[in-house]
Amino acid sequence: GAELDLRVRVAPLNADIVVVLVEDRTQARRIEETRRDFVVNVSHELKTPVGGLRLLSEAVEDAADDSEAVARFAARMKTETVRLSNLVQEIVDLSRLQGADTIATAKPVDLAECAHRAVEETRLLAEGRGISLSVRTDEGPHLVLGDESLLTTACRNLVNNAVNYSGDETRIVVAVSSEDDAVAVQVTDQGVGLSAAEIERIFERFYRVDPARSRQTGGTGLGLAIVKHVCANHGGQIRVWSEPGVGSTFEMQIPACNGERAGRETSELAD
Ligand code: ADP
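None of these values were measured; they are calculated from a predicted model. (Residues numbered from 1 in each chain as written. Predicted model: local features only at pLDDT ≥ 70, side-chain atom pairs only at ≥ 80, totals over all residues. Heavy atoms only, no water.)

Next up on the list: the UniProt feature "domain: Histidine kinase" (unreviewed entry) in the protein. Those places that UniProt annotates as "domain: Histidine kinase" (unreviewed entry) correspond, in this numbering, to residues 41-258. Taken end to end, residues 41-258 comprises 51% helix and 21% strand; its first and last C-alpha atoms sit 41 Å apart. (UniProt positions renumbered as here; feature names shortened; annotations may be inferred. Helix = DSSP H or I, 4+ residues; strand = E, 2+ residues; numbered from the N terminus.)

With nine of its 11 residues buried, helix α7 (residues 223-233) lies for the most part within the structure. Within the span of α7, buried status applies to Gly223, Leu224, Ala225, Ile226, Val227, His229, Val230, Cys231 and Asn233. Those residues of α7 that are buried are in contact with α2 (67-98), α4 (148-164), β8 (237-243) and β9 (247-255). Once α7 ends, the next one or two residues include Gly235, with phi positive near 75 degrees. (Buried < 20%, exposed > 50% of the residue type's maximum accessible area, 1.4 Å probe, protein only. Contact = heavy atoms within 4.5 Å.)

A word on the side chain of Asn157. Its place among the elements puts Asn157 in helix α4. A distance of 3.2 Å separates a polar side-chain atom of Asn157 from the backbone oxygen of Gly223. Not counting the four nearest positions on each side in its chain, Asn157 is found in contact with Glu90, Gly223, Ile226 and Val227. (Polar contact = N/O pair within 3.5 Å; in protein donor to acceptor, adjacent residues only side chain to side chain.)

Let us look at unusual backbone geometry. Look at the link from Gly140 to Pro141: it is a cis peptide, with omega at 5 degrees. Within the secondary structure layout, Pro141 lies in the loop between β4 (132-137) and β5 (143-146). Positive phi, close to 60 degrees, is recorded for Glu169, a residue that is not glycine. On the secondary structure map, Glu169 appears in the loop between α4 and β6 (171-178).

Turning our eyes to something else, we now look at the site of the ligand. Near the ligand, the surroundings consist of 19 residues, among which Asn161, Tyr165, Ser214, Thr220 and Gly221 are the closest. Here an oxygen atom of the ligand and a backbone polar atom of Gly221 are 2.7 Å apart. Contact between the ligand and Leu224: an oxygen atom at 2.9 Å from a main-chain N or O atom of the residue. Here the ligand has 540 Å² of accessible area as a free molecule, and 97% of this is covered by the chains. Across the shell around the ligand, the residue classes tally to 10 nonpolar, seven polar and two charged. (Near = heavy atom within 4 Å. Areas by Shrake-Rupley, 256 points an atom, 1.4 Å probe, with all protein chains shown as cover. Nonpolar A, V, L, I, M, F, W, Y, C, P; charged D, E, K, R; others polar.)

Turning our eyes to something else, we now look at the pattern of salt bridges. In the structure shown here, the tally under the stated rule is 13 salt bridges. When salt bridges with common partners are traced through the structure, they connect Asp5, Arg29 and Glu33 into a single cluster. (Salt bridge = Lys/Arg side-chain N within 4 Å of Asp/Glu carboxyl O.)

Here we come to the sheet that holds strand β7 (residues 182-189). Reading across from one edge, β4-β6-β7-β9-β8 is the order of the five strands in this open sheet, with mixed pairing throughout. Only two strands of the sheet have a single partner each, and these edge strands are β4 and β8. In this sheet, adjacent strand axes meet at a mean angle of 10 degrees when their direction is disregarded. When β8 meets β9, the two strands line up antiparallel, connected through seven bridges. Bridge pairing links Trp241 to Thr249 in β9. Set on the sheet, helix α3 (residues 111-127) makes contact with β4, β6, β7 and β9; between it and β4 the angle comes to about 170 degrees. (Pairing = 2+ DSSP bridges. Axes fitted to C-alpha atoms, helices over the stretch in contact; angles between N-to-C directions.)

Listed below in structure tokens is the structure:
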């Protein structure tokens, strides 16, 4: 709602003048509500892996004499632990990103290198399912001003999703290109695709079209929220084209940092 939250204070200055202070609390209240929702969602999301670990450790205790069963439960505990630590890492990343609106320690970063790294980190997952994963880059330049690790994370989240929401034996293409005043990374898959209504919601924290599928692939529901914030904090944007049953393209656009301008901005930041 567009409801306004105004706090009004009235203070008589002297016999003739009364001062009326009107403070607009709308924005502050919205931030407060967002924070509260986040905490509620986080607690809910943490309960699943923590509950799982608890049950599994009880199962290990009960099966102490059966070494095969113990090994099986231990393997599942490992999976749950990895999921839990990924989730905690993503929560930390996201709350840092939400708390700022720019990148404090920005340096020139080659976005093509981030994309290559993200692809290499996902290659094993893709190859295991016969998915072909390729990167195309134009001549560039592909320099942007920002945080290399966050930009790599954003690329990795997009490539990971492309793999997770595609069938076996499909093709994923990552294209990095230099545009007028931006560098673009496009990730195109031949996966399950998304409807317009789903696209509206996928950047929300913890939203998943198919929670069961997301859980199966070890998804946290935070990947795209992180991508969105990384783009915003770098002064860029994220766009999606998709068709259910055909596939999707996710495009990250980050302002380019070229030539003289880059030099000036970096030296300003170094001060
Ligand atoms: P998750 O951890 O569930 O993958 P994300 O925030 O990365 O969380 O994505 C949110 C949801 O958006 C996913 O659960 C999935 O339903 C949908 N989604 C993301 N990427 C794609 C894609 N490339 N193709 C189809 N659906 C996608």
